Amino acid sequence: MSEGQLVQRRKKTEEPVTEKNDEASGDSAQSSDQEDNDKGTRLTLMEQILLLGLKDREGYTSFWNDCISSGLRGCVLVELVLRGRIQLEGGGMRRKNLLNRKVTVKSSEPTGDVILDEALRHMKETNPPETVTSWIEYLSGETWNPLKLRYQLRNVRERLAKNLVEKGVLTTDKQNFLLFEITTHPLSDGNQKTKLIKEVQEAVLGKWTNDVHRMDKKMLSLIVLAHASDVLENAFAPLSDQDYEVAMKRVRSLLDLDYDQQAEKKGNDVMWAVFEAFSK
């Protein structure tokens, strides 16, 4: 074989490889873009609860819902434990039930979420530490102790709504109510809320498991805290009567669990303690 033929053969064998590399590079870039988009619209537990509670067109939560405020503070605690920032005191104190054990800071590294980091700072600075029930009250501003009012997380719903506006899920509007005007946040991206509702429905229907420890911890928390916030009904409203009955029966089975017992099995003590606080 001549030198010219050899060069030509090499070119033929190398060209397809180059095309594959180009394709692989394109796929990788597309995958990276997809991941970035997912991160951009990934919602926190607090944002999910608020989104379920918001009226789509009106852009505000029900005036009759007085549960969502404390429910959102419960979400703050669960988010912090799922991110490895807080825990319940352990060791010999495990003889106490969940609501008598104190919350301690495991890591004070910022989460990147302003509301979570504000709550984390309060917990870090508090000595002696407090219980889960106390923190839900302090963060909500529902305490008789004036010295603890400084721990209140203010304007949480408005701040969460602004986060959802930045993520393209909500938009901002104004509405007049008699003599005053309020800022509202109507739904902008219906796909996000539809997806969230379907995920909640599937968790208690098609993907249901009788073993609570096999459930995704964030989804489990979303279901329990959506119920505590009185917004779970909004996710189940589109269901048929038969599916609604099945879904509510399974939710009740989650609400009737012995949370102290579940914490002994698999840890995540703060999460179970939050559930226990709302079951009282």
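Here, the structure is the one placed above.
Note that the structure is a prediction, hence the values are computed from the model and not measured.

**Some remarks on the pairing of strand β3 (residues 173-177)**
The pairing of β3 with strand β4 (residues 180-184) spans five bridges and is antiparallel. For Asp-173, the partnering residue across the bridge sits in β4 and is Thr-184. Between β3 and the antiparallel strand that follows it, β4, lie two residues; Leu-178 among them carries a positive phi value of about 55°.

**Quick notes on the pattern of salt bridges**
The tally for this structure, following the rule as stated, stands at six salt bridges. Between Glu-47 and Lys-167 there is a salt bridge; the shortest N-O distance is 2.8 Å. Linking Glu-47 in helix α2 (residues 45-53) with Lys-167 in the loop between α6 (156-166) and β3, this pair joins segments that are 120 residues apart in sequence. Look at Lys-167 and you get partly exposed, because its relative accessible area is 23%.

**Section: the side chain of Thr-44**
Positionally, Thr-44 belongs in the loop between α1 (3-41) and α2. With relative accessibility at 7%, the residue Thr-44 sits in the buried group. Excluding residues that lie within four positions of it along the chain, Thr-44 makes contacts with Glu-79, Arg-83, Asp-113, Lys-167 and Lys-218.

**Re unusual backbone geometry**
Following Asn-127, the chain continues to Pro-128 via a peptide bond in cis, the omega torsion being 0°. Within the secondary structure, Pro-128 is located in the loop between α4 (114-125) and α5 (132-140). The residue Asn-155 is not glycine, and still its phi comes out positive at about 55°. For Asn-155, the location among the structural elements is in the loop between α5 and α6. Residue Asp-230 is not a glycine yet carries a positive backbone phi of 60°.

**Describing the side chain of Asp-113**
If you trace the backbone, Asp-113 turns up in the loop between β2 (103-105) and α4. Although Asp-113 is buried, it forms no salt bridge, and the closest oppositely charged side chain is Arg-83 at an N-O distance of 5.3 Å. Only 3.0 Å separates the side chain of Asp-113 from the backbone nitrogen of Leu-116, close enough to count as a polar contact.

**A few points about the packing of α4 against α6**
Taken N-terminus to C-terminus, the directions of α4 and α6 make an angle of 140°; their axes are 10 Å apart at the nearest point. The pairing of α4 with α6 is recorded here as oblique in orientation. Seen from α4, the contacting residues are Val-114, Ile-115 and Glu-118; seen from α6, they are Val-156, Arg-159 and Leu-160. Taken together, the residues of the contact of α4 with α6 sort by class into four nonpolar, no polar and two charged.

Rules of the game
Residues numbered from 1 in each chain as written. Predicted model: local features only at pLDDT ≥ 70, side-chain atom pairs only at ≥ 80, totals over all residues. Heavy atoms only, no water. Pairing = 2+ DSSP bridges. Helix = DSSP H or I, 4+ residues; strand = E, 2+ residues; numbered from the N terminus. Salt bridge = Lys/Arg side-chain N within 4 Å of Asp/Glu carboxyl O. Buried < 20%, exposed > 50% of the residue type's maximum accessible area, 1.4 Å probe, protein only. Contact = heavy atoms within 4.5 Å. Lys, Arg positive; Asp, Glu negative; His and termini not counted. Polar contact = N/O pair within 3.5 Å; in protein donor to acceptor, adjacent residues only side chain to side chain. Axes fitted to C-alpha atoms, helices over the stretch in contact; angles between N-to-C directions. Parallel < 35°, antiparallel > 145°, perpendicular 65-115°, else oblique. Nonpolar A, V, L, I, M, F, W, Y, C, P; charged D, E, K, R; others polar.

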